[in-house]
2 protein chains.
Amino acid sequence: MRKIAESTVRRLSLYLRLLEEFEEQGAETVSSEALASRGGTTSAQVRKDLSFFGSFGKRGLGYSVGELVRRLREILGLGRTYRVAMIGAGKIGSALVQYRGFRQRGFEVVSIFDVDPAKIGRSWNGLTVQSVVSLEGELRAHPVEIAVIVTPADAAQALTGRCVALGVKAILNFAPVQLTVPDEVVVKTVNLALELETLSYALTNR
Amino acid sequence: MRKIAESTVRRLSLYLRLLEEFEEQGAETVSSEALASRGGTTSAQVRKDLSFFGSFGKRGLGYSVGELVRRLREILGLGRTYRVAMIGAGKIGSALVQYRGFRQRGFEVVSIFDVDPAKIGRSWNGLTVQSVVSLEGELRAHPVEIAVIVTPADAAQALTGRCVALGVKAILNFAPVQLTVPDEVVVKTVNLALELETLSYALTNR
DNA sequence: GGGCTTTTGTGAAAGATTTCACAAATCTAG
DNA sequence: CTAGATTTGTGAAATCTTTCACAAAAGCCC
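Residues numbered from 1 in each chain as written. Chains lettered and ligands numbered in written order. Predicted model: local features only at pLDDT ≥ 70, side-chain atom pairs only at ≥ 80, totals over all residues. Heavy atoms only, no water.

> For this particular structure, what's the right way to read the sheet that holds strand β6 (residues 123-124) of chain B?
Residue and element names in this part refer to chain B. The mixed open sheet is built from seven strands, whose spatial order is β6-β7-β5-β4-β8-β9-β10. With partners counted over all chains shown, the strands left at the sheet margins are β6 and β10 (186-189), one partner each. Where β6 and strand β7 (residues 127-131) come together, two bridges link them in antiparallel fashion. When the bridges of β7 are listed, Trp 124 appears paired with Leu 127. (Pairing = 2+ DSSP bridges. Helix = DSSP H or I, 4+ residues; strand = E, 2+ residues; numbered from the N terminus.)

Here is the structure:
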C-alpha cells in the first residue's frame, strides 16, 4: 500500500471517535464539514484523508455514519485481537491494563513480568506477575505480537531486544528512551517528559 | 518570536534528554552527528533545529554539552515552576503525580479534585482530595497556571471551561476528547486510544 | 604560520502536507 | 423532468519541513 502520513492515520483515529459520537446521537449521515468542525480541522482535509483509502461518501449527501465507522475500523485494523505482554508491573502498566479502551481495541494482556522479587508471584488484574528471567520460556510457550515496555529507561533497550528475538512484532514504549529495533518491528513511544516540555515551551513562548 | 514547528520543539526535548546522557558519561563536547545518530535523525536536522534559536556551536569542534543543556532548558522554559491542579483522582492522575519527571520539570501539583464522595477527603500523595464543587473557591484562593484533566470524556469539556474561567493558562488533557478553549489557552492532549490505533494501523498495513 | 581536517550554520533544492477551487454527483421541490 | 442546492473527490497551488551541499570557522600538527 502507498505510504500514508502518520498525521493522516492520527486524524482517521480522531474521525472514528467523532463518528461514534454522531452514531450515539442517532445521526444517519455526516458531512466532511460536520466532521471537520467537531475535530478542529477542515473539510478538505477530511475528504483528502479518506480519499487515500477509497471514496466512501455520496455527493450532495455526505457519508453514511455506520458505513464510515465500519470502513475506518477496518482500515485501522481494529477487527482483530492482539496478544500483549506487559514488561514491568508498576503504576503505569497497572493503569493501562485497567483502561477499558485497551481491551476494547483488541489488546489482550496475556502475561506480565517484573524484576522486583516483591512483585513476582503477586496477582495482578487476574494475572500472576512473573520474573523477567522466565521471559524466554513464557513467550515461547505463549507467543505475543506486542510488548508494552513500562520499565525504567536503563532496562528498556535490553528487554526490547529480548522481546524482538522472541518474535514480537510491535513495541509500545513508555520508557523515556529512543529504542533501536530491526526495520520490520514497529515501535511507538509515548513519552510524557516530551509532552510536558512542549507544554512548557508553549507557555514560555507567547 | 518566529513560529517554530511542533516537530522541532519535540526534537529539542529529545536532544536535551540525549545531552543529559552525554553529560553523565562525562562528554565535554558533542557534534550534531553524534546527537543525530543517538536520536534517530540527521545532523543537518539537528543543526537546523538549533539554528532557529541561535548559533551555539563551534565550527570544527561541535557543541559544549554543558552550555547546550543550559540553552535548551532555557528555550523550553524549564527554569521555572508551574502550579498545577489535578482534576480527577483516578489511576492515571495518581501515576502522574508519583512520576518524578513531573516535579523535575517544575510541575508542582497543589490541589486535586474529584466528584466521587468515596474519594473526597482522602489523602492523596500528601494532598487532600477536594470536591469539584469547591473548584472555584479553591482556585481563586490558590491560583494555578496548569490544569491536568484526568476525568471521563463526558465531564472534560465542562471542567475545562470552569478552569479557563478561573485563569488557567494551559490544559494537559488525558480525556479522549477534543477540547475547545480560547486561543490564548494552550491545550496538549495525550490520547492513548489514538496511539493504540496508530499502532494497530501499522501492524495491519505492512 | 600554513596546510589539513573537522564541523558548524545556512541558503537553496527537494519532498511532504495542507489548502484551494471546481467539475461531477446526487438529492429536493415543483 | 428541470432548476437549484449540496457536498464529494481530486488535480493544482500554496505552504511547510527536511535534506543537500558548501563556504566559513576553528582546531591540530609540523
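> Would you mind showing me how to read the packing of aromatic side chains here?
The relative placement of two aromatic rings is captured by the distance of their centres and the angle of their planes. Applying the stated criterion across every chain yields a total of six aromatic pairs over all chains. Ring centres of A:Tyr201 and B:Phe53 lie 6.4 Å apart, and the angle between their planes is 90°; this geometry places the pair in the edge-to-face category. In this pair, A:Tyr201 is assigned in helix α9 (residues 192-204) and B:Phe53 in the loop between α3 (43-51) and β2 (57-58), connecting two distinct chains. Given a relative accessible area of 9%, A:Tyr201 falls into the buried group. Taking the relative accessible area as the measure of exposure, B:Phe53 reaches 17% and is therefore buried. (Phe/Tyr/Trp six-rings, centres within 6.5 Å; stacked < 30°, edge-to-face > 60°. Buried < 20%, exposed > 50% of the residue type's maximum accessible area, 1.4 Å probe, protein only.)

> Explanation requested: the relation of the copies chain A and chain B in the structure shown.
Both copies of the chain are related through a single rotation about an axis accompanied by a shift along the same axis. Superposing chain A onto chain B takes a rotation of 180° combined with a translation of 0.0 Å along the rotation axis, leaving an RMSD of 0.0 Å. The symmetry that links the two subunits is that of a two-fold axis. Comparing interface residues between copies, 100% of those in chain A also lie at the interface in chain B; the contact surface is shared. (Least-squares fit on C-alpha atoms with pLDDT ≥ 70 in both. Contact = heavy atoms within 4.5 Å.)

> Even after reading the chapter, I still don't get helix α3 (residues 43-51) of chain A, so can you show me in this structure?
Residues and elements named next belong to chain A. Along α3, the residues that are buried comprise Ser 43, Val 46, Asp 49 and Leu 50. Seen from one end, α3 has its buried residues packed into an arc of 130°, which puts them on one side. In this structure, the buried residues of α3 make contact with α1 (6-24), α2 (32-39), β3 (62-64) and α4 (65-75). (Arc of directions from axis to C-beta.)

> Looking at this structure, how should I read the interface of chain A and chain B?
Frequently, the measure chosen for interface size is the accessible area removed from exposure when the parts meet. With 56 residues of chain A at the contact, the number on the chain B side is 56 residues. Carbon and sulfur atoms make up 67% of the area that chain A and chain B hide from each other, which totals about 5000 Å². Ranking the residues of chain A by area buried against chain B places A:Glu197, A:Leu199 and A:Tyr201 at the top, with a combined share of 14%. Linking chain A with chain B are eight salt bridges. Across the pair B:Arg10 and A:Glu195 runs a salt bridge whose closest N-O atoms are separated by 3.1 Å. (Buried area = accessible area lost by both parts, 1.4 Å probe. Salt bridge = Lys/Arg side-chain N within 4 Å of Asp/Glu carboxyl O.)

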